[in-house]
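Structural description and commentary
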Amino acid sequence: MTTPETAPEGEPSPLLVERNGRVATLTLNRPHRRNAMSTALLGRLDHELRKLTDQGGEAPGALVLTGAGGTFSSGADTREPDWRDLSRRAVRRAHFRTVFATLHEAPFPVVAAVEGYALGGGLELALACDLVVAGEGALFGLPELGVGAVPGGGAVHSLVRRAGRGVAARMLLIPGERVRADELARLGAVERTVPDGGALAEAQALAASVAAGDPALLEAGVRLLRDSGHLDRTAALGVENGYWWQASSAANRDPSPPS
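Described in the following lines is the structure provided in the data block.

Calculation notes
Residues numbered from 1 in each chain as written. Predicted model: local features only at pLDDT ≥ 70, side-chain atom pairs only at ≥ 80, totals over all residues. Heavy atoms only, no water. Pairing = 2+ DSSP bridges. Helix = DSSP H or I, 4+ residues; strand = E, 2+ residues; numbered from the N terminus. Contact = heavy atoms within 4.5 Å. Expected span 1.5 Å × (residues − 1). Buried < 20%, exposed > 50% of the residue type's maximum accessible area, 1.4 Å probe, protein only. Arc of directions from axis to C-beta.

Strands in a sheet are paired, the pairing made by backbone hydrogen bonds, and the direction either parallel or antiparallel. Strand order in the open sheet formed by three strands is β5-β7-β8, and the pairing between neighbours is mixed. Looking at which strands have only one partner, the edges of the open sheet turn out to be β5 (117-119) and β8 (179-180). Summarising the sheet, β5 and strand β7 (residues 139-141) pair through three bridges and their orientation is parallel. Bridge pairing in β7 links L119 to G141.

Its place among the elements puts S38 in the loop between β2 (23-28) and α1 (39-53). If near-sequence neighbours (up to four positions away) are discounted, S38 is found in contact with R30, D77 and E80.

The next subject is helix α2 (residues 86-105). For α2, built from 20 residues, the straight-helix expectation of 28 Å at 1.5 Å per residue is met to within 8% by its first-to-last C-alpha distance of 28 Å. Considered for burial, the residues of α2 that qualify are R92, H95, F96, V99, F100, T102 and L103. The arc that holds every buried residue of α2, seen down its axis, measures 165 degrees, which confines them to one face. Exposed residues pointing more than 90 degrees away from the buried face of α2 are listed as L86 and R97. Contacts made by the buried residues of α2 are with α1, β3 (62-67), β4 (110-114), α3 (121-127) and α8 (215-228).

As structure tokens, then:
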């Protein structure tokens with residue numbers, strides 16, 4: 001199991017945690033580096049996400065992920081002194097994979113509030129959320145091939161599924177390609193666009209509205225949403241039926257499915 005890592009002495013926490021009623025907000029807090037994901041930041045994000053999902057009845061009804069300083073995240077921090085050290089990259093990679101796995105298994109919906117840039121791992125983090133709210137001027141991209149890497153957090157798969165192969169190919173293969181939030185909204189990869197500077201408030205309001213629902217039904221709904229996108233119709237209907245009975249039982253609407 002991974003453990004949280006701390007920021008260097010004298011530096012502020014790389015991740016801010018806020019809880020307002022049924023809505024939790026995690027803020028990537030490295031604005032001087034456009035919230036590039038350092039080992040310390042990924043460690044804290046990994047740790048705090050697992051804490052939130054392990055709270056049982058005290059878990060939030062919804063989670064918002066955002067970035068400080070007017071940008072979401074510029075991706076991995078390639079300026080870390082040990083960036084090329086394979087053992088340290090393995091630690092970062094372990095954190096990153098756990099973050100995505102925890103987001104997929106979270107019993108509550110997760111909303112990304114994106115301003116400025118969502119590049120590389122930042123784009124992958126945004127697309128791992130159930131809903132994306134973005135400022136109109138937000139820019140999304142996958143610069144990995146140009147810096148000697150390959151996307152490893154599912155962004156290409158998510159883009160193909162949510163926005164189509166064409167935009168995924170542009171973002172992956174064309175050096176420096178950036179796609180605006182309004183285009184991704186038209187294609188279905190961004191759920192809402194708002195004037196720049198308004199993404200966090202809109203995402204938190206959306207999260208509060210969602211979190212007001214029945215927790216058992218909400219959990220069944222997000223699990224159904226995440227599981228169904230990769231299945232054919234017959235399999236998806238089977239999954240849907242299973243979650244229908246699970247939610248009904250949890251809400252005391254019917255104790256068990258028929259034999």
